[in-house]
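# Understanding the architecture of this molecule
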Amino acid sequence: MSAEGTREPGLRSVGSYCSITDEDDLNLLRHLDKAKLKIERKRSFDERSMSDMSISNIRGTDYPDGVHSPGPHRSGFNTPNSGIWHHFDTHPMVADAWDALRKSTVYFRGQPLGTLAAIDHAAEEVLNYDQVFVRDFVPSALSFLMNGEHDIVRNFLLKTLLLQGWEKKIDRFKLGEGAMPASFKVLHDPVRKTETLIADFGESAIGRVAPVDSGFWWIILLRAYTKATGDSSLAETSECQKGIRLILSLCLSEGFDTFPTLLCADGCSMIDRRMGVYGYPIEIQALFFMALRSALALLKGDAEGKEFMERIVKRLHALSFHMRSYFWLDFQQLNDIYRYKTEEYSHTAVNKFNVIPDSIPDWIFDFMPKKGGYFVGNVSPARMDFRWFALGNCVAILSSLATPEQATAVMDLIEARWEELVGEMPLKICYPAIEGHEWRIVTGCDPKNTRWSYHNGGSWPVLLWLLTAACIKTGRPQIARRAIELTESRLQRDGWPEYYDGKLGRFVGKQARKLQTWSIAGYLVAKMLLEDPSHLGMISLEEDKDMKPTMKRSSSWTC
Ligand code: GLC
């Protein structure tokens, strides 16, 4: 990277290293002070632009014993650095989790800035687990926000925005201006007594994969911060507004696409290795949808903002129709595909993408329950990936990409296929695993992604927070409670591993890091959400009635 190419005048970058000058820090501090003042004044947040939190369906929820109904307070726990204390059904694991989360905190020039991916000192290779990953920080950030600790999240949002401003190059190829890093690291120079940042936009990552999800998570987190603090001044700064627009410019540009979904390379999200998720993966489409809706709530109505808002609204309409119609699978839809004719030409085609019924995998016929459904992994010409992906389906529920009926059907499926999807450790990242010849072709013989391990059907405790949030949104907290209990029987005892292996998720993952921060934070978020469901508003958007599909697919939508 060359210094001339950087957008921010105060940034100096050499290679992938960058130091942030005092001038930048002063600017950053100015924002912090302004934002702090606003919070102290407890300025009420404009609910008109963010009226997307539904408490009504939460309040009516039948809570099982031991789970407190929503109270007026934000939840907090007795932790070494936090004075806030409300009494809840505190499991002994909670205090340990807070301890571990705090130990993972990274500081930059005396300010908390993020959390390390893992602090496993016993691991043979550190790789990049000693970095702050954007996606990994999301559950940490939510934990802090739910506990009333806003500074670390504000610092993170502002610093990553500065990183976005770097010129990003892989070999001789320049990445889009809006790209957000996958991860970054603080380097301390004890001799010169300086601290610098190093960021990875995919140029160092294994396989050189671009993190398409980072920018989406950044927007989603900015909205969560705004909701949690009730302070919109940070989001309204010209820097944040520009950051949002730059991220969206990357995805809203016109091209050759015939679909409103976003075309992606393999490994561009949480599943950051080759796993056959290239094309239009649900994991990205659901985040894309949620980021678009969040951006709509955050963008200001000035000339530039308005132009983007119009583009977003158009895209949201097309995207929700496409996803709800073509990615949705239930018993009826499966039966329809099974009977599809092929080679249909023209507008009257029923089998629009020319899916060949012979390509339907055998497992799906047993897996699909009578009641229930889900968004499949991918849809593109003559290719349907029937695998179930946890993150995409949960985010579809949280963003209201799923209609209320579809959201209920996803929860029905999870209940009906509990053993397969939850097993002994929540939650399978995807189902089922691929093996044998298919594994060889799809993963490129990846030894880390062997069947029922890691990204290939492994179980990831971090997904617990997404499941819990989806359960609360659909009024099914008892499902989350069951999942949390499973976690509590092992997670701490096993040292907070990154993932579990096996069909039931019984074994600590082959190469799983211990003290994996998002496993810890995911548990805390799940606990706090159940104890005070009013937190759900931070990461959930209400259904937008204007986006109702005009086309009905099958019975599971209406049950
Ligand atoms: C692995 C995961 C990725 C995560 C990173 C840091 O690469 O696949 O999702 O962000 O570890 O924990």
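Residues numbered from 1 in each chain as written. Predicted model: local features only at pLDDT ≥ 70, side-chain atom pairs only at ≥ 80, totals over all residues. Heavy atoms only, no water.

This paragraph deals with the overall build of the protein chain. Broken down by element type, the protein chain carries 19 helices and 15 strands. Relative to its 559 residues, the protein chain shows a buried fraction of 61%. Of the contacts formed within the protein chain by residues at least 6 apart in sequence, a portion of 72% connects residues at least 24 apart. If you sum the accessible surface of the protein chain, you get close to 22800 Å²; carbon and sulfur atoms cover 52% of it. (Helix = DSSP H or I, 4+ residues; strand = E, 2+ residues; numbered from the N terminus. Buried < 20%, exposed > 50% of the residue type's maximum accessible area, 1.4 Å probe, protein only. Contact = heavy atoms within 4.5 Å. Areas by Shrake-Rupley, 256 points an atom, 1.4 Å probe, with all protein chains shown as cover.)

Around the ligand lies a shell formed by A117, Y129, F133, R135, D136, M270, D272, Y454, H455, E498, Q516 and W518. The separation between an oxygen atom of the ligand and a polar side-chain atom of H455 is 2.7 Å. Note that an oxygen atom of the ligand is positioned 2.9 Å from one of the side-chain N or O atoms of Q516. The protein chains hide 96% of the 310 Å² of surface that the ligand would expose on its own. Of the residues that constitute the shell around the ligand, the class distribution is six nonpolar, two polar and four charged. (Near = heavy atom within 4 Å. Polar contact = N/O pair within 3.5 Å; in protein donor to acceptor, adjacent residues only side chain to side chain. Nonpolar A, V, L, I, M, F, W, Y, C, P; charged D, E, K, R; others polar.)

Now for helix α13 (residues 390-398). A large share of α13 lies buried, amounting to nine of its nine residues. Those residues of α13 that sit buried are A390, L391, G392, N393, C394, V395, A396, I397 and L398. Of the surrounding elements, those touching the buried residues of α13 are α6 (212-229), α9 (282-298), β11 (373-380), β12 (383-389), α14 (404-416) and α17 (464-473).

As a further point, take helix α3 (residues 92-103). Over its 12 residues, α3 runs 18 Å from end to end, which matches the ideal 16 Å to within 8%, given 1.5 Å per residue. Along α3, the residues classified as buried are M93, V94, A97, W98, A100, L101 and R102. Those residues of α3 hidden inside the fold are in contact with β3 (105-108), β4 (111-115), α4 (134-146), α18 (477-488) and α19 (517-531). (Expected span 1.5 Å × (residues − 1).)

Let us now look at the environment of N456. Among the structural elements, N456 can be located in the loop between α16 (436-443) and α17. Look at N456 and you get buried, because its relative accessible area is 0%. Sequence-wise, N456 and E435 are 21 residues apart; in three dimensions their C-alpha atoms are separated by 9.0 Å. Only 2.8 Å separates the side chain of N456 from the backbone nitrogen of I434, close enough to count as a polar contact.

What follows concerns the nonpolar core. W218, Y374 and L463 are the most contacted members of the largest nonpolar core, which totals 166 residues. Among the elements that take part in this core, α9 stands out by supplying 11 residues, more than any other. Among residues more than four places away in sequence, those in contact with L463 are M270, A390, L391, L427, K428 and I429. (Core = buried A, V, L, I, M, F, W, Y, C linked by side-chain atoms within 4.5 Å.)

Here α13 crosses α17 at 35 degrees, and the two axes come no closer than 9 Å. Where α13 crosses over α17, the handedness of that crossing is left-handed. Seen from α13, the contacting residues are L391, C394, V395, I397 and L398; seen from α17, they are L466, L467, A469, A470 and K473. (Axes fitted to C-alpha atoms, helices over the stretch in contact; angles between N-to-C directions. Left-handed = near helix turned anticlockwise from the far one by under 90°.)

In terms of residue burial, β11 counts as a mostly covered element, since eight of its eight residues are buried. Here three bridges tie strand β10 (residues 328-330) to β11, and the two strands are oriented antiparallel to one another. Residue pairing in the sheet places L329 in a bridge with Y374 of β11. Judged from the four bridges that link them, β11 and β12 form a sheet pairing that is antiparallel. Bridge pairing links V379 to M384 in β12. Hairpin connection of β11 to β12: two residues between the antiparallel strands, including A382 at a positive phi of 55 degrees. (Pairing = 2+ DSSP bridges.)

Read from one edge of the open sheet, four strands run β10-β11-β12-β13, paired in antiparallel fashion. Whereas interior strands pair on both sides, the edge strands pair on one side only; in this sheet they are β10 and β13 (430-431). Running at roughly 105 degrees to β11, helix α10 (residues 303-327) makes contact with β10, β11 and β12 of the sheet.

A full pass over the atoms with the stated rule returns 14 salt bridges. Across the pair R154 and D151 runs a salt bridge whose closest N-O atoms are separated by 2.4 Å. Of this pair, R154 and D151 both sit in helix α5 (residues 151-164), three residues apart, which is roughly one turn of the helix. Exposure remark for R154: the relative accessible area of 1% places this residue in the buried category. In this structure, E304 and R245 form a salt bridge, with 3.5 Å as the shortest nitrogen-oxygen distance. (Salt bridge = Lys/Arg side-chain N within 4 Å of Asp/Glu carboxyl O.)

This brings us to the packing of α18 against α19. Remark: α18 packs on α19, axes separated minimally by 11 Å, with the N-to-C direction vectors making an angle of 140 degrees. Relative to α19, the crossing made by α18 is left-handed. Each of P477, R481, I484, T487 and E488 in α18 lies in contact with α19, whose residues at this interface are Y523, A526, K527 and L530.

Right, let's get into the confidence of the model for the protein chain. Detailed reading of the predicted coordinates is not advisable wherever pLDDT falls low. Model confidence for the protein chain is summarised by a mean pLDDT of 85, while 81% of its residues fall at 70 or above. Long-range and interchain partners of residues 1-18, a stretch whose pLDDT sits below 50, account for 50 contacts in this model, where long-range means more than four residues apart. (pLDDT = per-residue confidence, 0-100.)

Think of a pair of aromatic rings as described by two things: how far the centres are apart, and how the planes are tilted against each other in angle. Applying the stated criterion across every chain yields a total of 22 aromatic pairs. Geometrically, the ring pair formed by F321 and Y326 is edge-to-face, given 6.2 Å between the ring centres and 90 degrees between the ring planes. On the numbers, 5.4 Å between centres and 35 degrees between planes, the contact of Y454 with W460 is tilted. Look at Y454 and you get buried, because its relative accessible area is 5%. Taken together, F259, Y280, F321, Y326 and F353 form an aromatic cluster joined through their ring pairs. (Phe/Tyr/Trp six-rings, centres within 6.5 Å; stacked < 30°, edge-to-face > 60°.)

The element β12 is extensively covered by neighbouring structure, given that seven of its seven residues are classed as buried. Here β12 shows two buried faces, one formed by R383, D385, R387 and F389 and the other by M384, F386 and W388. The pairing of β12 with β13 spans two bridges and is antiparallel. Note that in β13 the partner of W388 across the bridge is Y431.

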